[in-house]
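Reading the structure
Letter by letter, the chains look like this.
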Amino acid sequence: MRVSRAFSRLLCLDGIWVREVQFFADRVVVRVALRRRRLHCPLCSYSTPYRHNQQPVESVWRHLDLGIWRLELRARLRRLGCPEHGVRVESVPFARHRSGFTRDFEQLVAWLATRTDKTTITRLVRIDWDTVGRIISRVCADELDPERLENLFEIGIDEVSWKRQHNYLTLVADHIRGQIVWGTKGNDSVAANRFFSQIGKSRSHAIEVISLDMGPGYAKSAREHAPQAIIAIDPFHVVALANRALDDVRRAYWNKLRELDDPDAARRFKDARWSLLKAPDRLNDQQSRTLRRLRAAGGEVWRGYTLKEALRAIFKPGLTLEDVTILIDRFISKALRSRLGPFIRLAKTIRRHRDGILHAIRLGINQGRTEALNNKVRLITRRAYGFHSANAALALIMLTCGPITVTPPHQQ
Ligand SMILES: [Zn+2]
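Residues numbered from 1 in each chain as written. Predicted model: local features only at pLDDT ≥ 70, side-chain atom pairs only at ≥ 80, totals over all residues.

1. Some remarks on the nonpolar core
The condition that has to hold: Put simply, a nonpolar core is a cluster of buried Ala, Val, Leu, Ile, Met, Phe, Trp, Tyr and Cys residues tied together by C-beta atoms within 7 Å. Here exposure depends only on C-beta density: within 10 Å of a residue's C-beta, 20 or more other C-beta atoms make it buried, 12 or fewer make it exposed, and intermediate numbers make it partly exposed, the C-beta atoms being placed from the backbone. Each helix corresponds to a stretch of at least 4 residues labelled H or I by DSSP, and each strand to a stretch of at least 2 residues labelled E; elements are numbered beginning at the N terminus. A pair of residues counts as a contact when their C-beta atoms, built from backbone coordinates, are separated by no more than 7 Å.
Ranked by size, the top nonpolar core spans 98 residues in total, and within it Val 109, Ala 110, Ile 136, Ala 393, Leu 396, Ile 397 and Leu 399 carry the most contacts. Tallying contributions element by element places helix H16 (residues 390-401) first for this core, with nine residues. Among residues more than four places away in sequence, those in contact with Ala 110 are Ile 135, Ile 136, Val 139, Leu 399 and Val 406.

2. Here's the deal with the packing of helix H11 (residues 299-314) against helix H12 (residues 321-336)
Let me state the cut-off plainly: The angle between two axes is taken between their N-to-C directions and runs from 0 to 180 degrees, where each axis is a line fitted to C-alpha atoms and a helix contributes only its stretch in contact. Convention used here: angles under 35 degrees read as roughly parallel, angles over 145 as roughly antiparallel, angles from 65 to 115 as roughly perpendicular, and any remaining angle as oblique. Handedness of a helix crossing follows the sense of rotation of the near helix relative to the far helix, less than a right angle counterclockwise being left-handed and clockwise being right-handed. Residues are grouped as follows: nonpolar covers Ala, Val, Leu, Ile, Met, Phe, Trp, Tyr, Cys and Pro; charged covers Asp, Glu, Lys and Arg; every other residue, Gly included, is treated as polar.
Orientation of H11 relative to H12, taken along the N-to-C sense of each, is 165°, at an axis distance of 10 Å. As far as their axial angle goes, H12 and H11 are roughly antiparallel. Judged by the twist between their axes, the crossing of H11 over H12 is left-handed. Two secondary-structure elements touch here, H11 through Leu 307, Ala 310, Leu 311 and Ile 314 and H12 through Val 324, Leu 327, Ile 328, Phe 331, Lys 334 and Ala 335. Grouping the constituent residues of the contact of H11 with H12 by class yields nine nonpolar, no polar and one charged.

3. Looking at the domain arrangement of the chain
Spelled out, the test is: These domain limits were set by an automatic method or by a database of domain assignments.
The assigned domain composition of the chain is domain 1 (1-99), domain 2 (146-234 + 365-411) and domain 3 (235-362). Look at where the C-alpha atoms of domain 1 and domain 3 centre, and you get two points 61 Å apart.

4. Thoughts on the pairing of strand S5 (residues 57-66)
What counts, and what does not: Here, any two strands with at least 2 DSSP bridges between them count as paired.
Strand direction decides the pairing type here: S5 and strand S6 (residues 69-77), joined by eight bridges, are antiparallel. Across the sheet, the residue bridging to Leu 66 is Trp 69, located in S6. From the end of S5 to the start of S6, which pair antiparallel, there are two residues, and Gly 67 there has a positive phi angle of about 60°.

5. A few points about the sheet that holds strand S9 (residues 154-163)
The five strands lie next to each other as S11-S10-S9-S12-S13, forming an open sheet whose pairing is mixed. Of all the strands in the sheet, the pair left with one neighbour each is strand S11 (179-185) and strand S13 (230-233). Neighbour-to-neighbour, the strand axes of this sheet turn through a mean angle of 30°, independent of strand direction. As judged from the six bridges shared by strand S10 (residues 167-174) and S11, these two strands associate in the antiparallel manner. The residue bridging Ala 173 from the neighbouring strand is Ile 180, located in S11. Contacts from helix H6 (residues 216-225) reach S9, strand S12 (209-212) and S13 within the one sheet, and its direction differs from that of S12 by about 170°. Contacts from H16 reach S9, S10 and S11 within the one sheet, and its direction differs from that of S11 by about 175°.

6. Quick look at the environment of Ala 232
With respect to the helices and strands, Ala 232 occurs in strand S13. Given 25 C-beta atoms within a 10 Å radius, Ala 232 is considered buried. Along the sequence, Ala 232 and Val 249 sit 17 residues apart, while their C-alpha atoms lie 28 Å from each other.

7. Thoughts on H11
Let me state the cut-off plainly: For a helix, the expected span equals 1.5 Å multiplied by the number of residues minus one.
The first and last C-alpha atoms of H11 sit 23 Å apart over 16 residues, in line with the 22 Å expected at 1.5 Å per residue. In this structure, the buried residues of H11 make contact with helix H7 (235-259), helix H9 (272-277), helix H10 (285-297), H12 and helix H13 (341-352).

8. What about the sheet that holds strand S2 (residues 27-34)?
Overall, mixed pairing links the four strands, which are arranged S1-S2-S6-S5 in an open sheet. The strands lining the two open edges of the sheet, one partner per strand, are strand S1 (16-23) and S5. Pairs of neighbouring strands in the sheet enclose a mean axial angle of 25°, with direction left out of account. Contacting S1, S2 and S5, helix H1 (residues 3-11) crosses the sheet at an angle of about 110° to S1.

9. Overview of unusual backbone geometry
Here the phi dihedral of Cys 12 falls at roughly 60°; this positive angle occurs in a residue that is not glycine. Within the chain, Arg 339 stands out as a residue other than glycine whose phi angle is a positive 60°. Considering the arrangement of structural elements, one finds Arg 339 in the loop between H12 and H13. For Arg 339, a count of 9 C-beta atoms within 10 Å translates into the label exposed.

What follows is the structure, given as structure tokens:
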């Protein structure tokens, strides 16, 4: 078999001829030519037999590795004049517009990105993390089905921080399918407005339930664009707020101890934070010991802890709407009398959103359902921390928690 034919089989790419194969110190370079005569616009379906000029455009793509060799494709492309997009370099069937990688290579990177960590991918594939980000953004834009935004009846709008220093994304979940279906930069009403304007008025008006956190931004946007929808407050957010209140109490207490110059305090409360915030059945031995010590010490930290746990218990599965109503009211009055500033504020917030919280219980937007998706999103977002663009972080979330199934290239 001739080398060019052998490589033609190896590359497994449609629509090309292999012209030449060259070995260099660190890579194999395969020169290819397009089989098709017509020139295709990279941005639309326009094609033409005429080229814009005779000058070729030397182009390079990286393809899947060949053993330990990097594999590079090179081709001389032509320019065409599209009536809509002007003079452009023709598209190729094996790579996305403006990408220096073949579709197969990008597919592999996208598949790895949904499954493994940054170090593994960048070492194995030999590209940096921001390049991974650009690749998954392209794959995501290509694979997202616009129909995912049809038939949205129960949605959740939520924010997630994808990087330190207050970089937020707004995500829209379809509660029925249990997927993230939309996302954008930012975490205010403007971000939510973008969602409603993209799906349009008639689809906005078909939404029956919107679950939210207790902040004012998303609620304002939801009331304006989907006034018919019931606003439900996700119990997940209520519990998260209680955790934050407890952390405030703990920190204040900690500072007080430090002012008293208690040398043992640091040691005794070493892992107090996690002992307090984690569910009691998930504590390790050391944390359980710390928790017992906190209980023996009593005081405000322990009072805060019992309040937080009482609130968490309200949203456990199996309680009726009547039970939850009674328990929430009991919690509010208890927290208001707690003499703990953060819990008094929490009680007032919960009282203000009482109806929304009860709607969530009545409609079965229980913690289990939203929490699973929430946890998945947060886990993935931690992996996105190294990205420099919000788009890349969003693409990783959509590929992992959205309506896209990424498969390795040989399964395509
Ligand atoms: Zn065009």
